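# Observations on the model geometry
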Amino acid sequence: MGGEAGAQAARSWALAVLRIRSRALAVALLPAAVAVVLYAGGSTGHLVGPGWHAARWVVTPFAVLVLLAAAGIALVVARARPAMSPTVPIAEESAPDLYRMVRDLADRLDVPAPSAIALTPDCDSWLEDRTHPSHGPPKQEDRDELTGARGSRRTTAAPVLVIGSPFLWWMRVGELRAVLAPVVAGTGPSAHPDIAAARRFVRGLDAAVAVASTADRCRMIRVVCAGVGWVARLLLRSCREHASKMERGVAAAAAERAQGVDYGLRIVAQEQVGLAYAGWDRLLTRVALPAWRMGRWPSRLDAGVVAALTELSRRDRLAEGFASRLGERPACDLLEEPGTIDEATSLLAARLFHGGPAESGPDWSPVGWQEYPEEVVDRKWRLDAARLHRVLDAQGVRRTPETTGPETDAPTLSRVLDYLATSAPDRATRTGSGPASVPVVTAEPAAADGDPAPQGAPAPDDETVMSGAGGNTLAEGEAEADEQENERTATLAAGLTAELAREEATAPTPQGPDITLWDDGALPLFPPQPPRTSRELLTDHVTAMVCCAAMDTAGATPGLDWLDGPTLLINGDRAADLSPVVLSLIVDGDPVPLRTWLLESGIRPEKPVRLV
């Protein structure tokens, strides 16, 4: 294990973890040792008499119980299946160049090469020990090449190298090698017997706690599992600090060993790690999530993150230098069939971040980026618009105004505008224009461009913000104005929330053949976004209705923006100014900005739209 200071520190902390294991074993053997002493003393004539005889009768059953309990706990710790990260395994036949690069890197670092390579739909890389019997095929017998004798000698296998799939598609080959150098260097400390034993002990305790936490068991088994879980948690708390310091020592040793391999390139590559993380998060939350919610999963997420980051480099001058890298060889060229692997990681990402099924089906089918605007964006907007009109129907809202005829009894944007719009006096009352109300400063786009604020709105540091006896600040006034929300807006938002909850409750629960593979009780494991609020739901549905009207009356088309997700294209240009006018209608009840925008865009709100 090298002579690095971090490696020596890691070994010392590993020995501390093993000492805790030895102390636990000593505590379990102590009653049996006392019983042996008592019997030995009685047989030699030293510990005789009624008192010693009674002690032997008391200590012996207690020692047997402790030994049985210790044996049961040790069996659970040894046999419990440690948690394994969900990954896509990469066989050497499907990526010989990648395996060759990793082995060359291990040779340069003078450490054992990883036993296998796997991909994860995340922007991270690590080593994972999968030597537990439940993680792989049955252990093969060892054969002595000289004598031909067979044996069952156990060998320590190297850990598996897990690589974030966005790294393979966004990084160049040299950058990936520089980023993986500290990770691969960790196989050296991992091969040390003391560190490996300490890690197995900690993982066994963690797995025992998970086993003891399983609820669907009979009462007697639950009582036994509660005792096993208590002991495992006690041991985990005892060795937690030692184990964390051991891992820090291993990381320090790996970083120290990797300093001599592509150190200068690694500094540049670390910038790509942060950029890849930002692009991946944006792609999942803005582009993939709308498709997942509709039962479709984009089959080329890793290729999409390249497009998203390329678009970012085009828009942001700070990222212009990153586009020049695209002429170099990408790391995904190290794979024989990058498209197949991209599809597998995309399906895994949908399962982890959204909870979709593990396999494709009629209600869970892949979608390509070319078909995304028509099959996802268009359908999403029309489904949301249909849901919005269903809620309006349930609330008894007329489909057409009083002045229109029955022949136009069809879903229109005017119906939504007329329902959500409030009169000017009502808006003045809600915004606090009365003498005893607190002035509210709204962040209008004109004010952001440097226009002067209204005369009746004092500056935040003005004394007039305070209201005499109440002492309410401006922020409190804004919060109070938000609470006095348009009643129709609140009612419609609540109806949409209830309707969406009913649809989700009646939808079939996605299950797959590998649901027990990750020891999880509920999916998704890592939801990309918190649940949407009622106002966000209403905003999305009104925006969808506006987009449907634009497509059906003004010839607009659905589009895909790699950084912002679904977008509306009017005459080939992106309608980027739609969100403020929709929020003005929902928050303030003011339809004038939206009607002005519709007029300028050539959209006719009174015309019927096609729904799904």
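Note: the structure precedes this text.
Residues numbered from 1 in each chain as written. Predicted model: local features only at pLDDT ≥ 70, side-chain atom pairs only at ≥ 80, totals over all residues. Heavy atoms only, no water.

## Considerations on the pattern of salt bridges
- On inspection of all chains with the given rule, the structure shows 28 salt bridges.
- We note a salt bridge from Glu247 to Arg199, for which the minimum N-O separation is 2.9 Å. Residue Glu247 is located in helix H8 (residues 219–258), and its partner Arg199 is located in helix H7 (residues 193–212); the two are separated by 48 residues in the primary sequence.
- Here Arg199 falls in the buried class, since its relative accessible area comes to 18%.
- Asp384 is paired through a salt bridge with Arg387; the nearest N and O atoms lie 3.0 Å apart. Taken together, the positions of Asp384 and Arg387, both in helix H13 (residues 372–394) and 3 residues apart, correspond to about one turn of that helix. The pair Asp384 / Arg387 is uniform in exposure class, with both members buried.
- Taken together, the shared-partner salt bridges connect Lys380, Asp384, Arg387, Arg390, Glu499, Arg502 and Glu503 into one network. (Salt bridge = Lys/Arg side-chain N within 4 Å of Asp/Glu carboxyl O. Helix = DSSP H or I, 4+ residues; strand = E, 2+ residues; numbered from the N terminus. Buried < 20%, exposed > 50% of the residue type's maximum accessible area, 1.4 Å probe, protein only.)

## As for the packing of helix H1 (residues 5–43) against H8
- The contact between H1 and H8 brings their axes to 7 Å, and the two run at 160 degrees. One finds that H1 runs roughly antiparallel with respect to H8. Viewed along their axes, H1 and H8 form a crossing whose handedness is left-handed. Along its contact with H1, which presents Ala5, Gly6, Ala7, Ala10, Trp13, Ala14, Ala16, Val17, Ile20 and Ala24, the element H8 presents Leu235, Ser238, Cys239, His242, Ala243, Lys245, Met246, Gly249, Val250, Ala252, Ala253 and Glu256.
- Its residues assigned to classes, the contact of H1 with H8 comprises 16 nonpolar, 4 polar and 2 charged. (Axes fitted to C-alpha atoms, helices over the stretch in contact; angles between N-to-C directions. Parallel < 35°, antiparallel > 145°, perpendicular 65-115°, else oblique. Left-handed = near helix turned anticlockwise from the far one by under 90°. Contact = heavy atoms within 4.5 Å. Nonpolar A, V, L, I, M, F, W, Y, C, P; charged D, E, K, R; others polar.)

## Details of empty space enclosed by the protein
- Taken as a whole and assessed by the stated rule, the structure comprises 1 cavity of 30 Å³ or more.
- Quantified by volume, the largest cavity comes out at close to 40 Å³.
- Tyr99, Val102, Arg103, Pro114, Ser115, Ala116 and Ile117 are the residues that line the largest cavity.
- Listed by contribution, the elements that provide at least two residues to the lining of the largest cavity are helix H3 (96–109) and strand E2 (116–120).
- When residues in the lining of the largest cavity are grouped by element, the largest group, 3 residues, is from H3.
- A per-class count over the lining of the largest cavity returns 5 nonpolar, 1 polar and 1 charged. (1 Å grid on protein atoms, 1.4 Å probe; cavity = no way out; pocket = protein on both sides within 12 Å on 5 of 7 lines; lining within 4 Å. Points joined across faces, edges and corners; volume = space filled by probe spheres on them.)

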